[in-house]
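Chain by chain, the residues:
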Amino acid sequence: MTLLSVFRKQLMIGGSALAFATATVFSPLAQAAEDTITWKVQSHWPGSSSSYEDSLKRIKRVLEERTDGKLELELYEAGALFKAQETFNAVSRGVIQMGTISPAYAQDKMSLAGIASGLPFAFRNVWEAAYFHKNMGFEDMLREEAAKHNVYYSTDKVYPTEMVVKKPIESWDDFTSLKVRSSGALQKFLSEAGAAGTYIPGGELYQALSSGVVDGAHWGAAQGAASMGLYEVAKYHVQPALNIAGTDAFIVSQKALDKLPEGMAKIVKDSLNEQFWIRTSEYLYKERITLAKVMAEQDVQINTMPQDVQDKLAKTAQKMWDEEAKRSDKAAEVVEKLKGFLSDLGYL
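Now for a look at the structure at hand. (Residues numbered from 1 in each chain as written. Predicted model: local features only at pLDDT ≥ 70, side-chain atom pairs only at ≥ 80, totals over all residues. Heavy atoms only, no water.)

### As for the pairing of strand S9 (residues 236-239)
Turning to step 1, where the next piece is worked out: Direction of pairing for strand S5 (residues 164-165) relative to S9: antiparallel, over a ladder of two bridges. Bridging from a neighbouring strand, Val165 pairs with Tyr236 of S9.
Turning to step 2, where the next piece is worked out: Bridge analysis of S9 against strand S11 (residues 301-304) gives four bridges, and the strand direction is parallel. Bridging from a neighbouring strand, Tyr236 pairs with Gln301 of S11. (Pairing = 2+ DSSP bridges. Helix = DSSP H or I, 4+ residues; strand = E, 2+ residues; numbered from the N terminus.)

Right, dumping it as structure tokens:
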């Protein structure tokens, strides 16, 4: 083999290697991997909670599909990174890009958070709460407050919060003797009404109920109670609802949104807005299914509180509305708007 032929052979090999390397670097797959953005998402839901599966995993799937895999959500269940009450600050500072919270956990930052987490004995039907959020401007007002802390706020769904108890509530004395796991505005409401409201993290709730630390609890309504195994030790599902509200919300770092490629932030916001309607209607459907199932399979009974108990609770509730109104001018505006809405519906 001549020296010239050897040189030509090496040149061909080198050219092939260069072509392979070039194709690898600039192939669509390599480019997609290079452009993938990963967001850390801290949830306030335990992995066993129905909303962890139906809300959090759903939005992960939707965003990854709609961005062609360019935006990936790395999920962490309650307590995995830090306490639920610390999530708002973490998202606000940009420590993580996204989270789920109960608005009750943000009451020190948002004057409307107590209203968002649910004024007791206000709405009687889920559609009323949805209308108030989306058609009467409440959601926009929540976003304005959260934006002051570099947070984009989006309610996951509106749904009823209903207690489960170990013994039925058949009188006012039965109610006032209760020790109830609660949180936020409802914890305050139950305590002011005469029961003993106490906060217990979701991961410790089953043990607290089964061991008698508490006599009752609320974790959403039927779905939440069933997913947490609460009906194993508490056979009475209490109605009417303590409240109907946007008790769960997504919060997103504005800094993280601003860093997204053009058009992707809109995908995130549109998907979260769509999720509100999908999850609200889905939750209602699954409530009916779940309650029927636990009644048939676990001997759960509906415990409708006596009317005199409801009347006393309603009086306590309306005092709380007025207390929430004092938190800010915006809170006063929302409560006044709520009272007008409920009056139009014939409830006040």
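### A short note on unusual backbone geometry
Turning to step 1, where the next piece is worked out: The omega torsion across Gln239 and Pro240 is 5°, close enough to zero to call that bond cis.
Turning to step 2, where the next piece is worked out: Topologically, Pro240 is positioned in the loop between S9 and strand S10 (243-253).
Turning to step 3, where the next piece is worked out: Positioned with a positive phi, Asp68 is a non-glycine residue whose angle comes to about 55°.
Turning to step 4, where the next piece is worked out: Tracing the chain through its elements places Asp68 in the loop between helix H3 (50-66) and strand S2 (71-76).
Turning to step 5, where the next piece is worked out: Owing to a relative accessible area of 68%, Asp68 belongs among the exposed residues under this scheme.
Turning to step 6, where the next piece is worked out: Unlike most non-glycine residues, Asp299 shows phi in positive territory, near 60°.
Turning to step 7, where the next piece is worked out: Relative to the assigned elements, Asp299 resides in the loop between helix H13 (264-297) and S11.
Turning to step 8, where the next piece is worked out: The exposed category is assigned to Asp299, whose relative accessible area is 57%. (Buried < 20%, exposed > 50% of the residue type's maximum accessible area, 1.4 Å probe, protein only.)

Remember, this is a structural readout, not a statement about activity or role.
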